[in-house]
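Here's the letter readout for the chains.
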Amino acid sequence: MSNKVLYISQEITPYLPANNMSTIGQNLPQAAQSNGYEVRIFMPKYGSINERRNQLHEVIRLSGMNVIIDDTDHPLIIKVATLQPSRMQVYFIDSDDYFIHKSIDDLELRLYPEENDERLMFFAYGVIETVKKLRWEPEIIHCQGWASALAPLYIKTLYAEDPMFKNARVVYSLYDDEFEGKLNERFFDKLQQAGIPQDITDRLKDVDINHEAIMKLAIDFADAVVISSPSASQSLIDYARSQGKLSMEYPGSEADYDQYINLYNELAEK
């Protein structure tokens, strides 16, 4: 398998305003590409993203699939844009059901709490199925932001025996992107309907489905965890360490990408 990195990112600049996460979302794939990795990038197509200004267009051959969540079909729409100056393509997961709000903070629970459990499921499933359609086998899958938190779970359970993903190493980045409140109380029932093993959903049913629970779920199914923010939750860092998952401390600068590349190289050799 050649060196390929799949990025599943919550935020990428210039499509969203520049901050720590969105800047890393743009620059880290460029650093990986410069170090010989082939890269694919996915993010949600928020309602606030101006399609004309950012030159997004629908990829008809990738769109059209129906994602079933809680016994309801939701059409999957895939759009693409070119990230300058690297000319890397960014794929956007879009939905007329889940990504219609004209808000940059579309995934924040304080805005649309009743939708976020299904939105996370739709995003994770949409990315994985689109990568399968591309027939592109990633060696490293790097998830960034809580919007991507279900991807490690899906990859290590639903797609554990899929030839496209069974050898992939999953990296999860911890940021200071905490949200208040909880996901829908039927969240784990919906996960079970989607095929997530009952032993996993059962042990989580009595847990408050808040930010910490979602992050711990991502950590549990990641092969490596990195601290990508100096103000990431200490309790989550401690949890990652207790699970033997922490592989990279905060590099000391958002612009220091060599440590990320070293981690990819280390995982690729295992």
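Scroll up a little and you will see the structure.
Residues numbered from 1 in each chain as written. Predicted model: local features only at pLDDT ≥ 70, side-chain atom pairs only at ≥ 80, totals over all residues. Heavy atoms only, no water.

1. Description of the overall build of the chain
Under the convention used in this document: Only DSSP runs of H or I reaching four residues or more are called helices, and only runs of E reaching two or more are called strands; each is numbered from the N terminus. Computation of the radius of gyration draws on C-alpha atoms alone. For the globule rule, the value is 2.2 Å times the number of residues to the power 0.38. Exposed residues in this analysis have more than 50% of their type's maximum accessible area, buried residues have under 20%, and partly exposed residues fall in between, with area computed by a 1.4 Å probe over protein chains only. Any two residues whose heavy atoms approach within 4.5 Å are treated as being in contact. Note that accessible areas follow from Shrake-Rupley with a 1.4 Å probe, and for residues the cover is restricted to the protein chains shown. Just so you know, the count uses Lys and Arg for positive and Asp and Glu for negative, and it drops His and the chain ends. The atom standing in for a charge is NZ when the residue is Lys, CZ when it is Arg, CG when it is Asp and CD when it is Glu.
In terms of helices and strands, the chain carries 8 helices and 11 strands. Its C-alpha atoms give the chain a radius of gyration of 17 Å, within 12% of the compact-globule value 18 Å for 270 residues. With respect to the three principal axes, the spread of C-alpha positions in the chain is 45 × 45 × 35 Å. Split into buried and exposed, the 270 residues of the chain put 57% on the buried side. Contacts in the chain between residues at least 24 apart in sequence constitute 70% of all its contacts with a sequence separation of at least 6. For the chain, the exposed area adds up to about 11500 Å²; of that, 41% sits on carbon and sulfur atoms. Measuring between centres, the 26 positive side-chain charges of the chain sit 6 Å from its 42 negative side-chain charges.

2. Here's the deal with the packing of helix α6 (residues 211-220) against helix α7 (residues 234-242)
Operational definition: Angular values range over 0 to 180 degrees, each being the angle between N-to-C directions of two axes fitted as lines to C-alpha atoms, with helices fitted over their stretch in contact. Here the word oblique covers every angle except those under 35 degrees (roughly parallel), over 145 (roughly antiparallel) and from 65 to 115 (roughly perpendicular). By convention, the crossing between two helices is left-handed when the near helix turns anticlockwise from the far helix through less than a right angle, and right-handed when the turn is clockwise. Gly falls in the polar group here, along with every residue not listed as nonpolar (Ala, Val, Leu, Ile, Met, Phe, Trp, Tyr, Cys, Pro) or charged (Asp, Glu, Lys, Arg).
Axis separation between α6 and α7 bottoms out at 10 Å; the angle between their running directions is 25°. The angle between α6 and α7 places the two elements in the roughly parallel class. Seen along the crossing, α6 lies across α7 with a hand that is right-handed. Contacts from H211, E212, M215, K216, I219 and D220 in α6 reach S235, L236, Y239 and A240 in α7. Of the residues belonging to the contact of α6 with α7, the class tally is 5 nonpolar, 2 polar and 3 charged.

3. Here's the deal with the pairing of strand β9 (residues 169-174)
We count it as follows: For two strands to be treated as a pair, DSSP must find at least two bridges joining them.
When you tally the buried positions in β9, you get 5 out of 6 residues, the bulk of the element. Sheet topology note: the strand β8 (residues 140-144)/β9 ladder contains 5 bridges and is parallel. Note on β9: the bridge partner recorded for Q144 is S173. Where β9 and strand β10 (residues 224-227) come together, 4 bridges link them in parallel fashion. When the sheet's bridge partners are listed, V171 is paired in β10 with A224.

4. Points about the pattern of salt bridges
Working definition: two side chains of opposite charge can pair if their charged atoms are close together. Filter applied, for reference: Whenever a carboxyl oxygen of Asp or Glu lies within 4 Å of a side-chain nitrogen of Lys or Arg, that contact is scored as a salt bridge.
Throughout the structure, instances matching the rule amount to 14 salt bridges. Residue K45 is joined to E51 by a salt bridge in which the shortest nitrogen-to-oxygen separation is 3.5 Å. Accessibility expressed as a relative area gives 5% for K45, which makes it buried. Under the relative-accessibility criterion, E51 is labelled partly exposed at 28%. Note that R241 and E249 form a salt bridge whose closest N and O atoms lie 3.0 Å from each other.

5. Observations concerning unusual backbone geometry
Residue P14 is reached from T13 by a cis peptide bond, and omega for that bond is 15°. In this structure, P14 sits in the loop between β1 (4-9) and α1 (20-34). For the bond from Q84 to P85, the omega torsion is 0°, close enough to zero to count as cis. Following the sequence through the fold, P85 ends up in the loop between β6 (77-83) and β7 (88-94). At Q55, a residue that is not glycine, the phi angle is positive and equals roughly 55°.

6. Remarks on the nonpolar core
Convention followed: The criterion is simple. A nonpolar core is a set of buried Ala, Val, Leu, Ile, Met, Phe, Trp, Tyr and Cys residues joined through side-chain atoms within 4.5 Å.
Counting residues in each nonpolar core, the largest one holds 100 residues, and the members touching the most others are L150 and Y154. Apart from the residues lying within four places of it in its own chain, the contact partners of Y154 are M121, A124, Y125, I128, Y159, L191, A194 and I196.

7. Looking at the packing of aromatic side chains
Basically, it comes down to this: Centres within 6.5 Å are what make two rings of Phe, Tyr or Trp a pair, Trp counting through its six-membered ring; a difference in plane orientation under 30 degrees is then read as stacked, over 60 as edge-to-face, and the rest as tilted. To sit over a ring, a charge needs its Lys NZ or Arg CZ within 6 Å of the ring centre and within 35 degrees of the ring normal.
One pass over the full model with this rule turns up 11 aromatic pairs. Ring plane angle 75° and centroid distance 5.9 Å describe the contact between Y37 and Y264, whose orientation is recorded as edge-to-face. Residue Y37 is located in the loop between α1 and β2 (38-44), and its partner Y264 is located in helix α8 (residues 258-268); the two are separated by 227 residues in the primary sequence. Each member of the pair Y37 and Y264 is classed as buried. A centroid spacing of 6.1 Å and a plane angle of 40° characterise the contact between Y257 and Y260, whose relative ring orientation is tilted. By the burial criterion, Y257 is buried, and Y260 matches it. Feature note: the residues Y46, Y98, F99 and F122 constitute an aromatic cluster, connected by ring pairs. Its guanidinium or amino end placed over the ring of Y239, K216 lies 5.0 Å from that ring's centre, counting from NZ or CZ.

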